[in-house]
Amino acid sequence: MASVTVRVDEKTKEQATEIVEDFGFDLSSVTRAFYRQIVRERRIPLNLSHETPNDETAAALKEGADIMARGGNASSFSTGRDLLDAAYKA
């Protein structure tokens, strides 16, 4: 067996401990599981995305939902090329 030492600020450790304990685990068990998953999947299994969109994306999502609520036809583009041409001009 090998030991791994990880340095993390106290607040992050406390928050992570609270979450993993809510699932019935401890930080060491979760860390071991993470290492095993890296080996098994041959990748780093992290989701590096924001859970909540930024303001611009949130506005675009709302606009899309509004368009769909009105029947899904906000603009008239005959072809995908027309759409792309309009996007490049913007």
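These numbers were taken from a predicted model, which means no experiment stands behind them. (Residues numbered from 1 in each chain as written. Predicted model: local features only at pLDDT ≥ 70, side-chain atom pairs only at ≥ 80, totals over all residues. Heavy atoms only, no water.)

**A short note on the layout of surface pockets**
If you roll a probe as big as a water molecule over the atoms, it shows you where there is empty space left.
Then, in step 1: Size it by volume and the largest pocket reaches roughly 860 Å³.
Then, in step 2: Forming the walls of the largest pocket are 21 residues, and the residues nearest its centre are V6, L27, S28, T31 and R32.
Then, in step 3: Broken down by element, the lining of the largest pocket gets its largest block of residues, 9 residues, from helix α2 (residues 27-41).
Then, in step 4: Of the residues assigned to the lining of the largest pocket, the class counts are 14 nonpolar, 4 polar and 3 charged. (1 Å grid on protein atoms, 1.4 Å probe; cavity = no way out; pocket = protein on both sides within 12 Å on 5 of 7 lines; lining within 4 Å. Points joined across faces, edges and corners; volume = space filled by probe spheres on them. Helix = DSSP H or I, 4+ residues; strand = E, 2+ residues; numbered from the N terminus. Nonpolar A, V, L, I, M, F, W, Y, C, P; charged D, E, K, R; others polar.)

**A short note on the pattern of salt bridges**
Then, in step 1: Counted according to the given criterion, the structure contains 3 salt bridges.
Then, in step 2: Among the ionic pairs, K62 bridges to D66, the shortest N-O distance being 3.0 Å. Here K62 and its partner D66 are both found in helix α3 (residues 55-69), 4 residues apart, which amounts to about one turn of the helix.
Then, in step 3: The class of K62 is exposed, set by a relative accessible area of 51%.
Then, in step 4: Residue classification places D66 among the partly exposed residues on the basis of a relative accessible area of 32%. (Salt bridge = Lys/Arg side-chain N within 4 Å of Asp/Glu carboxyl O. Buried < 20%, exposed > 50% of the residue type's maximum accessible area, 1.4 Å probe, protein only.)

**Points about α3**
Then, in step 1: The end-to-end C-alpha distance of α3, which contains 15 residues, comes to 21 Å, matching closely the 21 Å that a straight helix rising 1.5 Å per residue would cover.
Then, in step 2: Positive phi appears at G71, one or two residues downstream of α3, with a value of about 115°. (Expected span 1.5 Å × (residues − 1).)

**Side note on a negative patch on the surface**
Then, in step 1: On the surface, E18, E21, D22 and D26 cluster together into a patch of negative charge.
Then, in step 2: Checked against the element boundaries, E21 lands in helix α1 (residues 10-22). (Patch = residues over 30% accessible without salt bridge, like charges linked within 9 Å, V, L, I, M, F, W, Y side chains within 5 Å. Areas by Shrake-Rupley, 256 points an atom, 1.4 Å probe, with all protein chains shown as cover. Lys, Arg positive; Asp, Glu negative; His and termini not counted. Charge placed at Lys NZ, Arg CZ, Asp CG, Glu CD.)

**Notes on a nonpolar patch on the surface**
Then, in step 1: On the surface, V4, V6, V8 and Y35 cluster together into a nonpolar patch covering about 380 Å² of accessible area.
Then, in step 2: Its location among the elements puts V6 in the segment before α1.

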